[in-house]
Amino acid sequence: MEFFSLKDKVAVVTGAGSGLGLATAVRFSQAGAKVVMADINDASELAEKNGCRFIRADVTKETDVESLLKQTYDTLGKIDIMVNNAGIILPEQLLADAVLEDFKKLYEVNVFGVVNGLKYAPRYMNDGGAILNTASNSANGDYAGYGAYISSKCAVVGLTKAAAIELAPRNIRVNCICPNTINTPMAYAEGCETELQVMSITTPLGRMCKAEEAAALYHFLASDDCKYITGEDIYIDGGLKAGPSIQMIEHLISKPAAF
Ligand SMILES: NC(=O)c1ccc[n+]([C@@H]2O[C@H](COP(=O)([O-])OP(=O)(O)OC[C@H]3O[C@@H](n4cnc5c(N)ncnc54)[C@H](O)[C@@H]3O)[C@@H](O)[C@H]2O)c1
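Residues numbered from 1 in each chain as written. Predicted model: local features only at pLDDT ≥ 70, side-chain atom pairs only at ≥ 80, totals over all residues. Heavy atoms only, no water.

**With respect to the side chain of Asp237**
Note the threshold: Elements are defined by DSSP. Helices are runs of H or I of four residues or more, strands are runs of E of two residues or more, and each kind is numbered from the N terminus. Only protein chains enter the area calculation, which uses a 1.4 Å probe; residues under 20% of their type maximum are buried, those over 50% are exposed, and those in between are partly exposed. Counted as positive: Lys and Arg. Counted as negative: Asp and Glu, with His and the chain ends omitted from the count. One side-chain nitrogen of Lys or Arg within 4 Å of one carboxyl oxygen of Asp or Glu is enough to make a salt bridge. Polar contact criterion, stated in full: a pair of N or O atoms within 3.5 Å, where within protein one must be able to donate a hydrogen and the other to accept it, and residues adjacent in sequence count only if both atoms are side-chain atoms. By definition in these notes, contact holds between two residues if any of their heavy atoms fall within 4.5 Å.
When you line up the elements, Asp237 lands in the loop between strand S7 (233-236) and helix H8 (246-254). The side chain of Asp237 sits in the buried core without any salt bridge; Lys241 is the nearest counter-charge, 6.3 Å away. Within the structure, the side chain of Asp237 is placed 2.8 Å from the backbone nitrogen of Lys241, a separation counted as a polar contact. Residues in contact with Asp237, not counting those within four places in the same chain, are Asn137, Asn180 and Thr203.

Here it is, written out as structure tokens:
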């Protein structure tokens, strides 16, 4: 018996042109799945290089998401796994200075993009499939200035739980992962330097998550070896949620704050 095989599974991954989405598509493909990579930007060459197919789709557009799923179903005959992964971040902005247009722009992708996936994927998926959403460790709280992103990822956790209950009668499992900073282009986004500057101090394991490490968690959650996990928000955060790191405590003790 081959454990964690995705042989003959059909998977759709959004935001697959870069970072975690790309690593997930590659991992799923290596595990035997037929993978459709979807992105707002052209990733057809990347897809071809990795034995995947590419369909352009903007997750904020309902018509794009439905067409992505319909095309996949029509071409490959079924859909077993849907990964709602596309996401964006905005430059740090305190709530006192919140620009609502910026919030809406971020929610369009991070929240409504996931809603679109949850609305249309089940229509084309077979019973017993798996839906995976990318939240973030931010759903457990994060730095000042990250309010839009934090709240969007809290929404992803909530949507995951709601969908898990609604789709349980069809045995479609719905889970989300909550990664700490992942070493992808998003981690280096302009105006979001705080997290990058301090994460190796605050994180007990002292480093960023690799995209491949988060993709490995997706692989586990997508596989048939994981039939009894649904509605979960699973942290992959290098120990961040467990408590303050030893390096942070040593730093604080050596430089007592002048409170
Ligand atoms: N990098 C991190 O530190 C980190 C940490 C936790 C969670 N995440 C989450 O992981 C997910 C993937 O992020 P990443 O780090 O790989 O970032 P990334 O910027 O490397 O990749 C994001 C991809 O999403 C695509 N995309 C953006 N808007 C889109 C849209 N409207 N429709 C379709 N595709 C769209 C981009 O073109 C890009 O290819 C996101 O949901 C992000 O919030 C990232």
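Once you've had a look at it, read on.
**Details of the packing of aromatic side chains**
Two measures describe an aromatic ring pair: the distance that separates the ring centres and the angle between the ring planes. Note the threshold: Working definition: rings of Phe, Tyr and Trp (its six-membered ring) pair if their centres are within 6.5 Å, and the pair is stacked with planes under 30 degrees apart, edge-to-face with planes over 60 apart, and tilted otherwise. The criterion is that NZ of a Lys, or CZ of an Arg, lies within 6 Å of the ring centre and within 35 degrees of the ring normal, and then a charge sits over that ring.
Under the criterion given, the structure shown has four aromatic pairs. Judged by centre distance (5.9 Å) and plane angle (65°), the rings of Phe4 and Phe220 are edge-to-face. Taken together, the positions of Phe4 in the segment before strand S1 (10-14) and Phe220 in helix H7 (residues 211-222) put the pair 216 residues apart, joining distant regions of the chain. Judged by its relative accessible area of 31%, Phe220 falls in the partly exposed class. Taken together, a centroid distance of 6.1 Å and an interplanar angle of 55° make the contact between Tyr73 and Tyr124 tilted. With Tyr73 in helix H3 (residues 62-76) and Tyr124 in helix H4 (residues 100-124), this pair connects stretches of sequence that are 51 residues apart. Exposure remark for Tyr124: the relative accessible area of 14% places this residue in the buried category. Sitting over the face of the ring of Tyr235, Lys241 holds its NZ or CZ atom 4.4 Å from the ring centroid.

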